[in-house]
Amino acid sequence: MTPHMLTRSLDRGATIFLLVVAALGVLIPLSNLLLPAGSFLQVPTYLVALWGKYVCYAILALSIDLIWGYCGILSLGHGAFFALGGYAMGMYLMRQIGTRGVYGNPILPDFMVFLNYSKLPWTWYGFDMFWFAALMVLFVPGLLAFCFGWLAFRSRVTGVYLSIITQAMTYALLLAFFRNDFGFGGNNGLTDFKDILGFNVQAEGTRAALFALSCLALILAFLICRSVVSSKLGKVLIAIRDAESRSRFLGYRVESYKLFVFTLSACMAGVAGALYVPQVGIINPSEFAPGNSIEAVIWVAVGGRGTLVGAALGAIVVNYAKTFFTSGVLAPYWLFMLGALFILVTLLLPKGIVGTFSAWREQARERRPAATTASAAAEDGITEPKMAE
């Protein structure tokens, strides 16, 4: 991925998006840390954490748009990869508590002491080291996606059948992580985090740094996606999306292309989950709920499938609306509103908000040269020939 390739793959809208994200990643932490509390321009710490959560959701939406918008793979289980990345980071944070836990055990987390664990399960080995946890954030979701995709794509499972299988996968993980004997906290999950890399996870400076890091991760994820879809690989992915049988007939190994982009997308979702956990302060099996994955697909549909920018903006806009409406009298009706939003966008804006806007702008560009040509011809006295009667 050379700088020339990145520059060539960025259009005006993508450049503006990246500049806005970079500016917010710098200005919001500075506003939170440098301006006095209560100032009009000062961003409270709780808003820094809230917007950090939105940025993590935007990364998840990008990962879904990469496979759905450009390869035609509709995954209704991407929340599983998001949750696995979150659990990997949560396990590291739990190991950092040490003797500061309720039971003061230097090795076992509190829930293991409560459940009478005699020793640390082997699945927790190595998570006291940050580099190992960071590696698992990528490796575990990537390995699951690779194994799942290898079986599904080689069997040529596509369309709604693939979507149902991905939903079944995340539901199976939901049931497994709910078990107390599974070793990951059961239905309570992992919480009560203290430190990350030696810094207090609740401190204002740490929250600001996590937000800035999330914005940086969003920029990198966007650049990776743009470089993929703008390359020859991206052209093949689009061909597979539009005509998979023809692509296979032309000699392309469709399964390999699908497997690569599906695994890459899962790794991106895992990074989003890892950044999400320290900012929210908890990770539990509810993150595996199929409804979360379906909701993430709605973000992409609302923003604009196959646009990347639209997917990220859709995640932020829908989740901001969720925060706004679920904090008042309309809270019980949020799911109905979300469903209505998805139906209206599908019927009225099938390309999503950004996709529809881009289509209108292209139509305006096409009309402009035609109007200019017609006016120039009129000035020169040239008229269209009339049909003979």
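One can find the structure itself at the top, above this paragraph.
Conventions adopted
- Residues numbered from 1 in each chain as written.
- Predicted model: local features only at pLDDT ≥ 70, side-chain atom pairs only at ≥ 80, totals over all residues.
- Heavy atoms only, no water.
- Helix = DSSP H or I, 4+ residues; strand = E, 2+ residues; numbered from the N terminus.
- Buried < 20%, exposed > 50% of the residue type's maximum accessible area, 1.4 Å probe, protein only.
- Contact = heavy atoms within 4.5 Å.
- Areas by Shrake-Rupley, 256 points an atom, 1.4 Å probe, with all protein chains shown as cover.
- Lys, Arg positive; Asp, Glu negative; His and termini not counted.
- Charge placed at Lys NZ, Arg CZ, Asp CG, Glu CD.
- Salt bridge = Lys/Arg side-chain N within 4 Å of Asp/Glu carboxyl O.
- Axes fitted to C-alpha atoms, helices over the stretch in contact; angles between N-to-C directions.
- Left-handed = near helix turned anticlockwise from the far one by under 90°.
- Nonpolar A, V, L, I, M, F, W, Y, C, P; charged D, E, K, R; others polar.

Here the focus is the overall build of the protein. The helix and strand inventory of the protein stands at 15 helices and 4 strands. In terms of its C-alpha atoms, the protein occupies a principal-axis envelope of roughly 100 × 60 × 45 Å. The buried share of the protein, taken over its 389 residues, is 47%. In the protein, 77% of the contacts between residues at least 6 apart in sequence involve partners at least 24 apart. Counting every atom, the protein has about 20,300 Å² of accessible surface; 67% of that belongs to carbon and sulfur. Separation between the mean location of the 27 positive side-chain charges and that of the 19 negative ones in the protein comes to 6 Å.

Evaluation of the coordinates by the stated rule reveals 10 salt bridges. Across the pair Arg-226 and Asp-11 runs a salt bridge whose closest N-O atoms are separated by 3.8 Å. Of the two residues, Arg-226 sits in helix H8 (residues 204–230) while Asp-11 sits in the loop between helix H1 (3–9) and helix H2 (12–34), which places them 215 residues apart along the sequence. For Arg-248, the salt bridge is made with Glu-244, and the minimal N-O distance between the two is 3.2 Å. Of this pair, Arg-248 and Glu-244 are both found in helix H10 (residues 244–249), 4 residues apart, which corresponds to roughly one turn of the helix. Within this structure, Arg-156, Glu-244, Arg-248, Glu-255 and Lys-258 form a network of salt bridges that share partners.

Direction vectors running N to C along helix H12 (residues 290–303) and helix H13 (residues 309–325) enclose 115°, while the axes themselves pass 7 Å from each other. For the pair H12 and H13, the sense of crossing is right-handed. Judged by residue contacts, Glu-295, Trp-299, Val-300, Val-302 and Gly-303 of H12 engage Gly-310, Ala-311, Gly-314, Ala-315, Val-318, Asn-319 and Lys-322 from H13. Among the residues making up the contact of H12 with H13, the classes are represented as 6 nonpolar, 4 polar and 2 charged.

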